[in-house]
Amino acid sequence: MAGISRAIRACAAASRRTLAAASGAALPKEEAAAAGAGVRAAATGRRGRDQEDGRRVQWVFLGCPGVGKGTYASRLSQLLGVPHIATGDLVRDALATPGPFSKKLAEIVNHGKLVSDEIIINLLSRRLEEGEEKGELGFILDGFPRTIRQAEILEGVTDIDLVINLKLREEALLAKCLGRRMCSQCGGNFNVASIDIEGENGGARMYMPPLLPPPQCESKLITRADDTEEVVKERLRVYHDLTEPVEEFYRTRGKLLEFNLPGGIPESWPKLLQALNIEDPDNKRSAAA
Ligand SMILES: [Zn+2]
């Protein structure tokens with residue numbers, strides 16, 4: 001991935017230069033060609049672990065904030081043996097490092113605004129470099145690309161095999177975001193929202209139970225500063241404005257897999273694996289027993 005992080009940095013620098021000229025970022029097309037043809041991991045089976053050309057999956061997870069893409073991306077990355085790279089985590093790590101940069105970042109995040117392409121690209125390239133030194137292969141990106149410009153930069157430097165677009169009904173999404181709680185002592189994440197919505201157009205009823213904290217955390221729950229209804233709605237609006245074109249970008253390339261979450265994790269996880277043509281390790285275990 002040396003090529004990726006180098007080229008992403010080069011793109012960031014190039015786009016800084018070309019911004020004044022109002023022309024697009026210069027993309028190193030030759031690197032895109034050198035990366036070779038992508039193979040859709042979903043079609044290879046074998047749990048998607050190794051593709052026909054021997055390299056690991058290079059997937060992207062799209063989805064509204066709060067849809068749970070972090071959870072599914074993290075589970076899949078463990079199953080497939082590739083790193084789960086969440087730009088949200090990169091931003092949170094940067095926020096936790098005291099200094100003027102984290103102060104500026106906190107101001108952006110707490111107002112539900114998106115962090116700029118430039119900041120995200122720099123954080124991501126730093127992360128890829130660290131992984132490269134450890135010999136990582138493949139990746140599942142979560143929260144990137146978020147804009148058309150980021151998608152173009154990524155396309156210029158590496159092949160994305162598959163883009164999984166997770167969808168959840170808006171009313172469930174809002175309730176879920178507002179129900180998020182964190183334990184101020186142990187840092188555990190919980191959700192107090194109990195979602196039970198009638199099916200739409202004869203569809204199945206949607207039920208998502210709360211994820212309640214253990215008794216010792218109950219009195220220590222806090223709500224993240226950016227989980228107010230106003231900020232959540234602003235985040236969804238910004239997401240739709242910027243990211244729907246990214247969905248379209250991958251749709252026209254035949255790489256977008258739309259997945260409507262039918263409910264909580266126990267319902268959704270096996271169906272997601274099925275959609276990805278990945279063997280469910282839990283089913284395998286119970287079949288073997
Ligand atoms: Zn706790």
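Here is what the cut-offs are and how they apply
- Residues numbered from 1 in each chain as written.
- Predicted model: local features only at pLDDT ≥ 70, side-chain atom pairs only at ≥ 80, totals over all residues.
- Pairing = 2+ DSSP bridges.
- Helix = DSSP H or I, 4+ residues; strand = E, 2+ residues; numbered from the N terminus.
- Axes fitted to C-alpha atoms, helices over the stretch in contact; angles between N-to-C directions.
- Buried ≥ 20, exposed ≤ 12 C-beta atoms within 10 Å, placed from the backbone.
- Arc of directions from axis to C-beta.
- Contact = placed C-beta atoms within 7 Å.
- Core = buried A, V, L, I, M, F, W, Y, C linked by C-beta atoms within 7 Å.
- Parallel < 35°, antiparallel > 145°, perpendicular 65-115°, else oblique.
- Nonpolar A, V, L, I, M, F, W, Y, C, P; charged D, E, K, R; others polar.

Spatially, β6-β5-β9 is the arrangement adopted by the 3 strands of the open sheet, whose pairing is antiparallel. What marks the edges here is a single partner per strand, and that holds for β6 (189-191) and β9 (221-222). By the bridge criterion, 3 bridges tie strand β5 (residues 180-183) to β6 in an arrangement that is antiparallel. Its bridge partner lying in β6, Arg-181 is registered against Phe-190.

Spatial strand order, β2-β3-β1-β4-β10: 5 strands in an open sheet with parallel pairing. With partners counted over all chains shown, the strands left at the sheet margins are β2 (84-86) and β10 (256-260), one partner each. Each strand axis lies, on average, 20 degrees off the axis of its neighbour in the sheet, ignoring direction.

Moving on, we get to unusual backbone geometry. The peptide bond linking Phe-144 to Pro-145 adopts the cis configuration, its omega dihedral lying at 0 degrees. For Asn-277, which is not a glycine, the phi torsion comes out positive at approximately 60 degrees. Relative to the elements of secondary structure, Asn-277 occurs in the loop between α12 (265-275) and α13 (281-288).

This part takes up helix α5 (residues 87-96). Among the residues making up α5, those that are buried are Thr-87, Leu-90 and Val-91. Burial along α5 is one-sided: seen end-on, the buried residues are contained in an arc of 95 degrees. Residues Arg-92, Asp-93 and Ala-96 are exposed on α5 and point more than 90 degrees away from its buried face. Those residues of α5 that are buried lie in contact with β2, α6 (100-109) and α7 (117-133).

Within the secondary structure, Cys-217 is located in helix α10 (residues 215-218). Using a count of 18 C-beta atoms within 10 Å as the deciding quantity, one classes Cys-217 as partly exposed. Distance from Cys-217 to Ser-184, taken between C-alpha atoms, is 8.2 Å for residues 33 residues apart in sequence.

All right, on to the nonpolar core then. Residues Phe-61, Ile-140 and Leu-166 are the most contacted members of the largest nonpolar core, which totals 50 residues. Among the elements that take part in this core, α7 stands out by supplying 5 residues, more than any other. Excluding residues within four positions of it along the chain, Ile-140 makes contact with Trp-59, Phe-61, Ala-73, Leu-76, Ser-77, Val-82 and His-84.

It is worth spelling out the packing of α5 against α7 at this point. In the contact formed by α5 and α7, the axes pass within 10 Å of each other and the chain directions differ by 95 degrees. For the element pair α5 / α7, the angle class is roughly perpendicular. Along the contact surface, α5 presents Thr-87, Leu-90, Val-91 and Ala-94, while α7 presents Ile-120, Leu-123, Leu-124 and Arg-127. Looking at the contact of α5 with α7 residue by residue, the classes come out as 6 nonpolar, 1 polar and 1 charged.

The turn joining β5 and β6, which pair antiparallel and follow one another in sequence, is formed by 5 residues; a positive phi near 80 degrees is taken by Gly-187. Two elements, β5 and β9, share 2 bridges in a ladder whose sense is antiparallel. The residue bridging Met-182 from the neighbouring strand is Ile-222, located in β9.

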